[in-house]
Amino acid sequence: SIISNIFLSTKIILFFNSPIKIGSKIEIMDKDHPVVGTVLDINFFAIQIQDEAGCEIWFPNNLAMQKPIKQLEK
């Protein structure tokens with residue numbers, strides 16, 4: 001029950017409180033592994049991002065809530 005509430009609240013925050021939307025070009029500013037690409041999907045567990053080389057990256061929502069995200073373009 002607690003885990004499902006955490007996942008649901010993370011999803012709600014990402015949908016309604018986040019400036020990123022599907023199609024946004026973003027940079028997740030991680031010191032060791034920065035991620036730059038276009039948002040393809042936002043689901044309950046992860047954000048699907050396509051990088052400039054065409055690779056798909058699944059970035060977990062719990063990490064996305066902890067890292068700064070820079071919106072490069074809409």
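Everything that follows concerns the structure shown earlier in this document.
Residues numbered from 1 in each chain as written. Predicted model: local features only at pLDDT ≥ 70, side-chain atom pairs only at ≥ 80, totals over all residues. Heavy atoms only, no water.

### Description of the environment of Gln-71
Inference 1: Structurally, Gln-71 can be placed in strand S5 (residues 69-73).
Inference 2: Given the relative accessible area of 27%, Gln-71 is considered partly exposed.
Inference 3: Between the alpha carbons of Gln-71 and Ile-20 there is a distance of 6.9 Å; along the sequence they are 51 residues apart. (Helix = DSSP H or I, 4+ residues; strand = E, 2+ residues; numbered from the N terminus. Buried < 20%, exposed > 50% of the residue type's maximum accessible area, 1.4 Å probe, protein only.)

### Some thoughts on the nonpolar core
Inference 1: Judged by nonpolar contacts, Ile-20, Ile-26, Ile-28, Val-35, Val-39, Ile-42, Ile-47, Ile-49, Phe-59 and Ala-64 together constitute the single largest core of ten residues.
Inference 2: Mapped onto this core, the elements with two or more residues apiece are strand S1 (25-28), strand S2 (35-42) and strand S3 (46-51).
Inference 3: It is S2 that contributes the most residues to this core, three residues altogether.
Inference 4: Filtering out sequence-adjacent residues up to four positions away, Ile-47 remains in contact with Ile-20, Val-39, Asp-41, Ile-42, Ile-57, Trp-58, Phe-59, Asn-61 and Ala-64. (Core = buried A, V, L, I, M, F, W, Y, C linked by side-chain atoms within 4.5 Å. Contact = heavy atoms within 4.5 Å.)

### Description of the side chain of Ser-24
Inference 1: Of note, Ser-24 is situated in the loop between helix H1 (2-16) and S1.
Inference 2: Within the local environment of Ser-24, its side chain forms a polar contact with the backbone oxygen of Lys-21, the two atoms lying 3.0 Å apart.
Inference 3: In this structure Ser-24 touches Gly-37, Thr-38, Val-39, Gln-71 and Glu-73, once residues within four positions along its chain are discounted. (Polar contact = N/O pair within 3.5 Å; in protein donor to acceptor, adjacent residues only side chain to side chain.)

### Here's the deal with the pairing of S3
Inference 1: Examined bridge by bridge, S2 and S3 share five bridges and lie antiparallel to one another. Among the inter-strand pairings, Thr-38 is bridged to a residue of S3, identified as Gln-50.
Inference 2: In sequence, S2 turns back onto S3 through a hairpin of three residues.
Inference 3: Sheet topology places S3 next to strand S4 (residues 56-60); five bridges connect them, and they run antiparallel. When the sheet's bridge partners are listed, Gln-50 is paired in S4 with Glu-56.
Inference 4: Connecting S3 to the next strand, S4, in antiparallel fashion are four residues, including Gly-54 with a positive phi near 95°. (Pairing = 2+ DSSP bridges.)

By themselves these figures say nothing about function.
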